[in-house]
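# Survey of secondary and tertiary structure
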Amino acid sequence: MEFTSPIKQIISHLEKIQSFNVQNPLDDTRKYLDTMSLQLNGKKESVAMIEELNIPIENHQIPIRIYRPKGKTTQKSSGIVYIHGGWFIAGGFETHDAVVRKLANKTGSTVIFVDYRLAPKHPFPAGLNDSINTVKWLVDHAESLGIDKNQIGIIGDSAGGALAASASTQIGELLKFQILIYPAADNQLSTQSWEIYETGPVLNKEGGIQAWNWYYPDGKNNPDPLAVPILIKDFRNTPSTLVLIAEHDALRDEGELLAQHMKDAGISVRTSFYKDMVHGFMHMGEVLNEVDRAANEMAAFAHQHLEIAVEKEA
């Protein structure tokens, strides 16, 4: 496989990351993502305001961070719920801060970032339930948040793409669009792209197997499609969807297959293939121009469907 010079530079950088004072493989994964994001994200954009809240849900709370975009003057904003990646076991406010700031400004939408419960302490369906409950809470509290409840979308990257895809089958009637960024859709790790990129870059098969075992320990026998989206058959609630695929990504084939399953079910789906890119490229704005390109594409897709929503209500 041939990598471009910027990707070679990134791979070289990633190989040098040493997580500090690692306690165990889980701790190592979390610190690795923290370090990668910190070092490669590039300069963070300023936004109008960031608020942190806790959503009370039965016996726990869901921390969220609300990003208000720069220059928003309309009384009510559109809203986007963002579900982060990290193999279901890592990631949070800081790992995705730069990405979410950029998307808030590009889309002109208020972005609600969900700090859902992580495996292995909280395996499936905890993260999925937190994602679904955040969308429901947003709709119920849209008025007080200055958000139009009829103009809400969802974005998920990697593991967050799996959570978003599953959530939208349950509450898609509340959503105008869905964007899946290099989604993790299959716990089998048996596609051709997994064979090609078994040892990287960015992801490796050993780590993927461990992550799925932590997230969904019951996944080997008769798995629940809501945990493993490649198995979903019923997409009737799924809104119009954009799927971003990276060329040099172990998750490439399962992302393309998930998109095809949606198309076969009659869902409006657009797949966008990012040549030369690796998994997690949205965290690499320090080096890659494609981060802005992808953010612009996602913003255009969001605007297209939010404008449709406004026209229908007129």
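Our subject is the structure listed above.
What you see is a predicted model, and the numbers here were worked out from it, not measured in a lab.

We now examine the environment of Gln75. Considering the arrangement of structural elements, one finds Gln75 in the loop between strand S2 (60-68) and strand S3 (77-83). Residue classification places Gln75 among the exposed positions, given a relative accessible area of 78%. In this structure the C-alpha to C-alpha distance between Gln75 and Gly146, which are 71 residues apart in sequence, comes to 6.8 Å.

Let us now look at the packing of aromatic side chains. Evaluation of the coordinates by the stated rule reveals 11 aromatic pairs. Summarising the aromatic geometry, the rings of Phe124 and Tyr215 are spaced 6.0 Å apart at their centres and angled 75° between planes, so their arrangement reads as edge-to-face. Remark: Tyr215 occurs in helix H8 (residues 205-215) and Phe124 occurs in the loop between strand S4 (110-114) and helix H4 (126-140); sequence separation between them is 91 residues. Put simply, the rings of Phe88, Phe124, Trp212, Tyr215 and Tyr216 touch in pairs and so form one group of aromatic residues.

For helix H3 (residues 97-107), the buried fraction is high: 10 of the 11 residues fall into the buried class. Here H3 has its buried residues at Asp97, Ala98, Val99, Val100, Arg101, Lys102, Leu103, Ala104, Asn105 and Thr107. Once H3 ends, the next one or two residues include Gly108, with phi positive near 70°.

Its volume calculated, the largest pocket comes out at about 640 Å³. Taken together, the elements giving at least two residues each to the lining of the largest pocket come down to helix H2 (25-40) and H8. Class assignment of the residues belonging to the lining of the largest pocket gives a composition of 12 nonpolar, 13 polar and three charged.

With respect to burial, strand S7 (residues 241-248) is a largely interior element, eight of its eight residues being buried. Where strand S6 (residues 177-181) lies against S7, four bridges are found, and the strand directions are parallel. Along S7, the bridge assignment pairs Ile179 with Leu242. Across seven bridges, S7 lies against strand S8 (residues 269-278) in parallel orientation. Residue Leu244 lies in a different strand from S8, and its bridge partner there is Ser272. Handedness of the crossover joining S7 and S8 through helix H9 (residues 252-264) is recorded here as right-handed.

Another aspect to go through is the sheet that holds S7. One open sheet holds the eight strands; their spatial order is S1-S2-S4-S3-S5-S6-S7-S8, and the pairing between them is mixed. For this open sheet the edge positions go to strand S1 (49-57) and S8, each flanked by a neighbour on one side alone. The average undirected angle you get between the axes of adjacent strands in this sheet is 20°. Pairing between strand S5 (residues 147-157) and S6: five bridges, direction parallel. Bridge pairing links Gly153 to Phe177 in S6. The sheet strands contacting helix H6 (residues 159-171) are S3, S5 and S6, and the helix crosses S5 at an angle near 135°.

Moving on, we come to the pattern of salt bridges. Enumeration according to the criterion identifies 17 salt bridges in this entry. The residue Lys44 makes a salt bridge to Asp97 at a minimum N-O spacing of 2.9 Å. With Lys44 in the loop between H2 and S1 and Asp97 in helix H3, this residue pair connects regions lying 53 residues apart in the sequence. Arg252 is the partner of Asp253 in a salt bridge, and the nearest nitrogen-oxygen pair spans 3.1 Å. Looking at Arg252, the relative accessible area reads 14%, which means it is buried.

A few words on empty space enclosed by the protein. The gaps of empty space that remain are located by a probe, the size of a water molecule, rolled over the atoms. Considering all chains together, one arrives at one cavity of 30 Å³ or more under this definition. Quantified by volume, the largest cavity comes out at close to 40 Å³. Lining the largest cavity, in full, are Asn41, Ala98, Val99, Lys102, Met282, Gly285 and Val291. Ranked by residue count, the leading element in the lining of the largest cavity is H3, at three residues.

Cut-off values and rules
Residues numbered from 1 in each chain as written. Predicted model: local features only at pLDDT ≥ 70, side-chain atom pairs only at ≥ 80, totals over all residues. Heavy atoms only, no water. Helix = DSSP H or I, 4+ residues; strand = E, 2+ residues; numbered from the N terminus. Buried < 20%, exposed > 50% of the residue type's maximum accessible area, 1.4 Å probe, protein only. Phe/Tyr/Trp six-rings, centres within 6.5 Å; stacked < 30°, edge-to-face > 60°. 1 Å grid on protein atoms, 1.4 Å probe; cavity = no way out; pocket = protein on both sides within 12 Å on 5 of 7 lines; lining within 4 Å. Points joined across faces, edges and corners; volume = space filled by probe spheres on them. Nonpolar A, V, L, I, M, F, W, Y, C, P; charged D, E, K, R; others polar. Pairing = 2+ DSSP bridges. Right-handed = clockwise from strand over helix to strand, strands pointing away. Axes fitted to C-alpha atoms, helices over the stretch in contact; angles between N-to-C directions. Contact = heavy atoms within 4.5 Å. Salt bridge = Lys/Arg side-chain N within 4 Å of Asp/Glu carboxyl O.

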